[in-house]
Amino acid sequence: MNMNPKDKIKIPAQIMPTLDPGFRKRTFDEVPVGYGEDSAILEAWRCLNCKNPPCVKDCPVNIDIPQVMKLTAERRFVEALQVIRRDNSLPAVCGRVCPQESQCQKNCTMGKVNSPVSIGNIERFLADNFSSELPQPKVDSSTGRKIAIAGSGPGGLACAYQSALYGHKVTVFEALHEPGGVLAYGIPAFRLPRKIVAEEIKILKRYGVEFRMNTIIGKTISVEDILNDFDALYIGTGAGVPYFPEIPGEDLPGVYSANEYLTRANLMHAGKLWSKTPISVGKTTVVIGGGNVAMDAARVALRLGSERVVIAYRRLEADMPVRREELLHAREEGIETMFLVSPTEIIEGYSGRVSSIVFRKMRAEEDPVGGRSKIFETDETLTMDCEVVIFATGTSPNPTLTSNCKGLELNKKGCIVVTPETCATSIPRVYAGGDAVSGASTVILAMANGKTAANAINKMLNDRQKNS
Ligand SMILES: Cc1cc2nc3c(=O)[nH]c(=O)nc-3n(C[C@H](O)[C@H](O)[C@H](O)COP(=O)(O)OP(=O)(O)OC[C@H]3O[C@@H](n4cnc5c(N)ncnc54)[C@H](O)[C@@H]3O)c2cc1C
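These lines cover the structure that appears in this document, whether it is placed above or below. (Residues numbered from 1 in each chain as written. Predicted model: local features only at pLDDT ≥ 70, side-chain atom pairs only at ≥ 80, totals over all residues. Heavy atoms only, no water.)

Side note on the overall build of the protein chain
Then comes step 1: Within the protein chain, the secondary structure is distributed over 18 helices and 15 strands.
Then comes step 2: With 468 residues in all, the protein chain has 53% of them scored as buried.
Then comes step 3: Contacts in the protein chain between residues at least 24 apart in sequence constitute 69% of all its contacts with a sequence separation of at least 6.
Then comes step 4: Total accessible area on the protein chain is roughly 21,500 Å²; 51% of this is exposed by carbon and sulfur atoms.
Then comes step 5: In the protein chain, 56 positive and 53 negative side-chain charges are present, and the distance between their average locations comes to 4 Å. (Helix = DSSP H or I, 4+ residues; strand = E, 2+ residues; numbered from the N terminus. Buried < 20%, exposed > 50% of the residue type's maximum accessible area, 1.4 Å probe, protein only. Contact = heavy atoms within 4.5 Å. Areas by Shrake-Rupley, 256 points an atom, 1.4 Å probe, with all protein chains shown as cover. Lys, Arg positive; Asp, Glu negative; His and termini not counted. Charge placed at Lys NZ, Arg CZ, Asp CG, Glu CD.)

Considering the pattern of salt bridges
Then comes step 1: The full count for this structure, using the stated rule, is 32 salt bridges.
Then comes step 2: The shortest N-O distance in the salt bridge between Glu336 and Arg308 comes to 2.9 Å. Taken together, the positions of Glu336 in strand 9 (residues 336-339) and Arg308 in strand 8 (residues 308-313) put the pair 28 residues apart, joining distant regions of the chain.
Then comes step 3: The exposure class assigned to Glu336 is partly exposed, which follows from its relative accessible area of 31%.
Then comes step 4: Each member of the salt-bridge network shares a partner with another, and the members are Arg24, Arg191, Asp296, Arg299, Arg303, Glu326, Glu332 and Glu333. (Salt bridge = Lys/Arg side-chain N within 4 Å of Asp/Glu carboxyl O.)

Details of the site of the ligand
Then comes step 1: Around the ligand sit 33 residues, and of these Val97, Gly155, Glu174, Arg191 and Ile217 come closest.
Then comes step 2: At 2.9 Å, a backbone N or O of Gly155 approaches an oxygen atom of the ligand.
Then comes step 3: In this structure, Ala175 approaches the ligand through a main-chain N or O atom, which is 3.1 Å from a nitrogen atom.
Then comes step 4: A total of 1,000 Å² of accessible area belongs to the ligand in isolation, and the protein chains cover 94% of it.
Then comes step 5: If you list the elements that add at least two residues to the shell around the ligand, you get helix 9 (154-165), helix 14 (292-304) and helix 18 (443-467). (Near = heavy atom within 4 Å. Polar contact = N/O pair within 3.5 Å; in protein donor to acceptor, adjacent residues only side chain to side chain.)

Examining empty space enclosed by the protein
Then comes step 1: Counting across every chain of the model gives three cavities of 30 Å³ or more.
Then comes step 2: Considering the residues around the largest cavity, the lining is formed by 16 residues, among which Cys59, Ile63, Cys104, Ile119 and Glu123 are closest to the centre.
Then comes step 3: At the level of elements, helix 5 (65-73) and helix 8 (119-130) are the ones that each hand at least two residues to the lining of the largest cavity.
Then comes step 4: Sort the elements by how many residues they give to the lining of the largest cavity and helix 5 lands first, with three residues.
Then comes step 5: A class-by-class count of the residues in the lining of the largest cavity yields 12 nonpolar, three polar and one charged.
Then comes step 6: In this structure, the second largest cavity spans a volume of roughly 110 Å³.
Then comes step 7: Taken together, 14 residues line the second largest cavity, and the ones lying closest to its centre are Cys47, Cys50, Cys55, Cys108 and Val117.
Then comes step 8: Among the elements of the structure, helix 4 (54-58) and helix 5 are those that each provide at least two residues to the lining of the second largest cavity. (1 Å grid on protein atoms, 1.4 Å probe; cavity = no way out; pocket = protein on both sides within 12 Å on 5 of 7 lines; lining within 4 Å. Points joined across faces, edges and corners; volume = space filled by probe spheres on them. Nonpolar A, V, L, I, M, F, W, Y, C, P; charged D, E, K, R; others polar.)

Here it is in structure tokens:
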């Protein structure tokens, strides 16, 4: 890595190859095809190895990224992956779905003169190609302690992994029939192939983690029963309850929440001829929202056969919370975008189903200091014919567990209140993290919470043993 920084700047940024848009828009095959060895090494060479690396500070789990880049540039791939795995147990997932442009790559020094180093693409390359060569992590001898985990999303999986390494017996309870949380039911396979999540679950099972599917904590089993049977509980039940704007016509057949639409397509195989789960495929599908969830729903609608898919957002393009890469990919596939429109009514056709949607046009004033623009209603409306409307306008935590758990402190939005350093809740031996605590957030933050909670649970159990 002892190259002159001026020479490093001259190395061209390595572009991630993608499947042809015309082909991929009708398949669920993964869109970016991944770096080869040469591209990964060249990209890693671009790292300037800063003294106070902004990438480490901006990474929610503070991975030693310069060290990963150095080892990758030196072809020491397994060691590079080991450095990542110290802080992140799901690198193949995070390399694909982390919003790197607003995290580790945001303030990359190389980005001031050229494109930032593609840290996520290198992480994915290492995880995809060298995970099987990693030495097995050390597992402590069995403690005889039992940990229950509610929810098998990235937070629950991270807590399970770390707790299993401490030698505890871990049982994950999941409401759905497949584990993975949003990684399984939400994010489509063209962004996160199913085999990656399946592989992570397999590894956990190898460490003795048990998965009990179709089990809703707070309904199938009470929190009280869990605490009688287990030494600690981690709640990672996510934020899967969708918001609807409460406008006329939103209960018509053909209107979905993005979560329902994606769950039907991703987990219930809706759209396949043999599936027993129906899904409406509109000639025109309108998706309301501006985030990753809206983009995923739109791209799934296209793949299920919709001829025209339009994303309608009430603000400006610059305000969209979506990852820019996903927006670019969606547009390459032919998805249209419409800005400064807010839905006011969904109109019923003769068939009793959706026939069109009415929007109020909005007006925006850009924020002079670069924040989100301010928007105002105008008197103008716009009507668009469509057969399917999908709302991706936000979600909140599922109350099934929390409303059946006496003494659990919640905030006004229904999120669980925790001590951030430990993820401890108001109930002894009960911990929580991820979207159930923060509201809809990111995979990496949920994982960071899961690991924090596992460490705190382990310490609590050790302290109890010492004091008994
Ligand atoms: C479509 C979509 C796309 C996204 N894209 C990205 C992205 O690109 N990058 C990114 O970083 N983040 C993305 N996110 C956000 C990210 O997926 C979440 O922040 C993350 O998954 C939260 O993890 P979690 O472990 O808290 O919960 P979740 O992943 O939500 O998992 C919670 C699990 O708990 C289960 N559960 C709920 N209640 C109970 C109960 N009472 N008992 C038992 N089980 C229960 C649920 O069935 C679910 O499986 C996306 C979200 C969605 C919906």
